[in-house]
Amino acid sequence: MESEKGREESCQCCHKTKERTEKEYKDLIHRLNRIEGQIRGIRGMVEKDAYCPEILVQVAAANAALNSFNKVLLASHIRTCVARDIRDGKEETIDELVATLQKLMK
């Protein structure tokens, strides 16, 4: 597992990074691992010619898990990055948040 420092320094060129606590990092990775497992399960169902409604139910569950991941990540972003930038007078962060929300709501 990478250290927090290693994750923070992954791209120093042009993209912003986010330093996460170990707990937050582990929670996000755990959620993604579960979602990845769900997707592999769906693929297995297709490969085994499972009945379409059964596959659709599993796809809905994977979508719900991704939406839950987004909610957790967005809440953390607002509580940390957005709040900090607003306190620091970086009003452009609000525009960035609005643009992100618009993309999520498509």
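Now for a quick tour of the structure. (Residues numbered from 1 in each chain as written. Predicted model: local features only at pLDDT ≥ 70, side-chain atom pairs only at ≥ 80, totals over all residues. Heavy atoms only, no water.)

### Some remarks on the overall build of the protein chain
Quick note on the threshold: Numbering of helices and strands starts at the N terminus; helices are DSSP runs of H or I of at least 4 residues and strands are runs of E of at least 2. For each residue, the accessible area found with a 1.4 Å probe, counting protein chains only, is set against the maximum for its type, and the residue is called buried under 20%, exposed over 50%, and partly exposed in between. Should any heavy atoms of two residues lie within 4.5 Å, those residues are considered in contact. To be clear on the numbers: accessible area is Shrake-Rupley with a 1.4 Å probe, and residue cover counts the displayed protein chains and nothing else.
When its secondary structure is counted, the protein chain shows 4 helices and 0 strands. By residue count, 17% of the 106 residues in the protein chain fall in the buried class. Restricting to contacts in the protein chain with at least 6 residues of sequence separation, those with at least 24 account for 44%. Summed over its atoms, the accessible surface of the protein chain is roughly 8,200 Å², and 56% of this surface lies on carbon and sulfur atoms.

### Overview of the pattern of salt bridges
The following threshold applies: Take a side-chain nitrogen of Lys or Arg and a carboxyl oxygen of Asp or Glu: if they are within 4 Å of each other, that pair is a salt bridge.
Counting across every chain of the model gives 6 salt bridges. In this structure, Arg31 engages Asp27 in a salt bridge whose closest nitrogen and oxygen atoms are separated by 3.2 Å. You can see Arg31 and its partner Asp27 sitting in helix 2 (residues 22–47), 4 residues apart, about one turn around the helix. For Arg31, a relative accessible area of 19% translates into the label buried.

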